[in-house]
Amino acid sequence: MASLDDVRPLADELERSYPVYVRNRLKFRVGQLVYAAFSLDETVMGFAFPKEERDALVAGAPDRFQLPAASDLRFHWVHATLAALEPVEARELVVDAWRMVVPKKLSRAYDLSHPEGPGPGR
């Protein structure tokens, strides 16, 4: 069962990532691009995800993943119920979302410096 405490330290350390609060909701950005956001009660994590793959993700695990509101379908975005995710999976989703908003060279540098991936200590 994942929680904000499992992913926040990782998002804080990712290159160019910084936290902001918008209407009391925690969001992580690179520049002006939001790649992860949390509901007010911190039970749902929204994250950047390829539009062309999200229907399959949601259909494959509707108890864990949901489409965003109709007004947000134009964005590369999906929601996840944090309690339905394992902490490692939640961290992997955050890193993958971050990869969507940073230059490829930063993504490659992350891979070189974290060959084990976003594991328990990250």
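Scroll up a little and you will see the structure.
Keep in mind that what you see is a predicted model, and the values were worked out from it rather than measured.

Parameters and conventions
- Residues numbered from 1 in each chain as written.
- Predicted model: local features only at pLDDT ≥ 70, side-chain atom pairs only at ≥ 80, totals over all residues.
- Heavy atoms only, no water.
- Core = buried A, V, L, I, M, F, W, Y, C linked by side-chain atoms within 4.5 Å.
- Buried < 20%, exposed > 50% of the residue type's maximum accessible area, 1.4 Å probe, protein only.
- Helix = DSSP H or I, 4+ residues; strand = E, 2+ residues; numbered from the N terminus.
- Contact = heavy atoms within 4.5 Å.
- Pairing = 2+ DSSP bridges.
- Phe/Tyr/Trp six-rings, centres within 6.5 Å; stacked < 30°, edge-to-face > 60°.

Caption draft 1: Spotlight on the nonpolar core. Judged by nonpolar contacts, the single largest core of 35 residues is most densely connected at Tyr 35, Phe 47, Phe 65, Leu 85 and Trp 98. Of all elements in the fold, only helix 1 (4-13), strand 2 (25-30), strand 3 (33-38), strand 4 (44-48), strand 6 (77-81), helix 3 (87-99) and helix 4 (104-113) reach the threshold of two or more residues within this core. Residue contributions to this core peak at six residues, all from helix 3. When residues no more than four places from it in sequence are discounted, the contact partners of Trp 98 are Leu 14, Glu 15, Ser 17, Val 30, Tyr 35, Leu 106, Ser 107 and Tyr 110.

Caption draft 2: A look at the pairing of strand 4. Counting buried positions over the five residues of strand 4 gives four, a clear majority of the element. Of the pairings in the sheet, the one linking strand 3 to strand 4 comprises three bridges and is antiparallel in character. In the strand pairing of strand 4, Phe 38 is matched with Met 45. Taken together, strand 3 and the strand that follows it, strand 4, pair antiparallel across an intervening segment of five residues, in which Glu 42 is found at a positive phi of about 60°. Bridge count between strand 4 and strand 6: five bridges; the pairing is antiparallel. Counterpart to Phe 47 in the pairing with strand 6 is Val 78.

Caption draft 3: Spotlight on the packing of aromatic side chains. Applying the stated rule across the entire model yields five aromatic pairs. Seen from their ring centres, Phe 47 and Phe 65 are 6.4 Å apart, and the 70° between their planes marks the pair as edge-to-face. Of this pair, Phe 47 sits in strand 4 while Phe 65 sits in strand 5 (residues 65-66), and the two are 18 residues apart along the sequence. Of the residues examined, Phe 47 reaches a relative accessible area of 0% and is grouped as buried. Linked through ring pairs, Phe 28, Tyr 35 and Phe 38 together constitute an aromatic cluster.

By themselves these figures say nothing about function.
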